[in-house]
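Analysis of the macromolecular model
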Amino acid sequence: MEFISDELDAYCVAHTSTENEILSKLNRETHAKVLQPRMLSGHFQGRFLSMLSHMIRPTNILEIGTYTGYSAMCLAEGLQEGGKLLTIDVNEELEGFVRSFFNQSLLKDKIEFQIGNAAEIIPTLTQTFDLVFIDADKLNYDKYYDLVFDKVRQGGYIISDNVLWSGKVADPSKKDKDTVSIRAFNQKLHEDPRTENILLPIRDGLIVVRKL
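Computed from a prediction, not measured in an experiment: that's the story for all the values here. (Residues numbered from 1 in each chain as written. Predicted model: local features only at pLDDT ≥ 70, side-chain atom pairs only at ≥ 80, totals over all residues. Heavy atoms only, no water.)

**Things to note about the sheet that holds strand S3 (residues 111-115)**
Ordered by their spatial adjacency, 7 strands build an open sheet running S3-S2-S1-S4-S5-S7-S6, and the pairing between neighbours is mixed. Here the strands that pair on one side only, and so sit at the sheet edges, are S3 and strand S6 (195-200). Averaged over all pairs of adjacent strands, the angle between strand axes in this sheet comes to 15 degrees, irrespective of strand direction. Pairing between strand S1 (residues 60-64) and strand S4 (residues 129-134): 4 bridges, direction parallel. (Pairing = 2+ DSSP bridges. Helix = DSSP H or I, 4+ residues; strand = E, 2+ residues; numbered from the N terminus. Axes fitted to C-alpha atoms, helices over the stretch in contact; angles between N-to-C directions.)

And the structure:
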């Protein structure tokens with residue numbers, strides 16, 4: 001995920017607003033207690049997601065892939081009064097850990113957490129979403145995108161994480177399933193005539209799509 005020097009990364013982080021106390025605690029405990037802590041959005045990306053959410057001022061947010069709940073709490077910061085964020089994850093083992101942090105957050109009444117298969121849950125949803133954040137199993141990104149697209153309002157946004165896949169998407173010699181899948185996903189979004197998009201080299205890559 002390291003695409004710039006440690007010194008420049010540290011400078012960027014030092015000149016970015018700090019995370020709140022609950023997020024800082026979640027950051028520490030995820031690294032101390034949970035497998036694969038690099039999956040956490042973390043301070044810098046979290047502040048970026050919060051900034052985007054504040055710009056969009058969504059009423060309804062859908063997050064596919066909760067992990068330990070860090071990105072959900074960041075995105076929820078920008079919700080309008082009365083707004084809701086629904087976050088879905090399949091990992092039952094982390095449910096207690098995640099709910100304990102959601103319950104400590106001032107945003108707990110704005111966050112709904114469901115355990116289950118997102119591909120099965122999404123078709124049952126009746127909300128229209130202003131913002132969708134996809135950060136789950138990479139082989140199903142294409143499926144999630146197709147499932148949510150008609151549920152996103154015109155002018156709404158779909159953001160997908162890890163789309164640079166540690167830089168492997170730009171290396172034609174890398175042909176593992178995840179890399180091939182994400183490479184095809186990026187191309188699909190870039191060529192989708194229903195949207196405009198920008199791919200940002202933030203941490204492991206974020207592609208932001210706006211529905212026209």
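Having seen it, we continue.
**Brief notes about the environment of Val148**
Position of Val148 among the secondary structure elements: in helix H7 (residues 141-149). You can call Val148 buried: its relative accessible area is 1%. Along the primary structure Val148 and Gln104 are separated by 44 residues, whereas in three dimensions their C-alpha atoms are 29 Å apart. Setting aside chain neighbours within four positions, we find Val148 in contact with Leu62, Ile64, Ile122, Val132 and Ile158. (Buried < 20%, exposed > 50% of the residue type's maximum accessible area, 1.4 Å probe, protein only. Contact = heavy atoms within 4.5 Å.)

**Description of the state of the cysteines**
Inspection of every chain in the model, using the stated rule, returns 0 disulfides. The cysteine Cys74 is free of any disulfide, with Cys12 supplying the nearest cysteine sulfur at 17 Å. (Disulfide = S-S within 2.5 Å.)

**Some details on the nonpolar core**
Counting 32 residues, the largest nonpolar core has Met73, Leu75, Leu85, Phe102, Ile111 and Ile159 as its most contacted members. Taken together, the elements giving at least two residues each to this core come down to helix H2 (21-33), helix H3 (42-56), helix H4 (70-76), helix H5 (95-104), S3, S4 and strand S7 (206-211). The element that contributes the greatest number of residues to this core is H4, accounting for 6 residues. Not counting chain neighbours up to four residues away, the residues in contact with Ile159 comprise Leu52, Leu131, Val132, Phe133, Ile134, Leu206, Ile207 and Val208. Residues Ile121, Val163, Ile207 and Val209 belong to the second largest nonpolar core, which totals 28 residues. (Core = buried A, V, L, I, M, F, W, Y, C linked by side-chain atoms within 4.5 Å.)

Treat this as a map of the structure, not an account of what it does.
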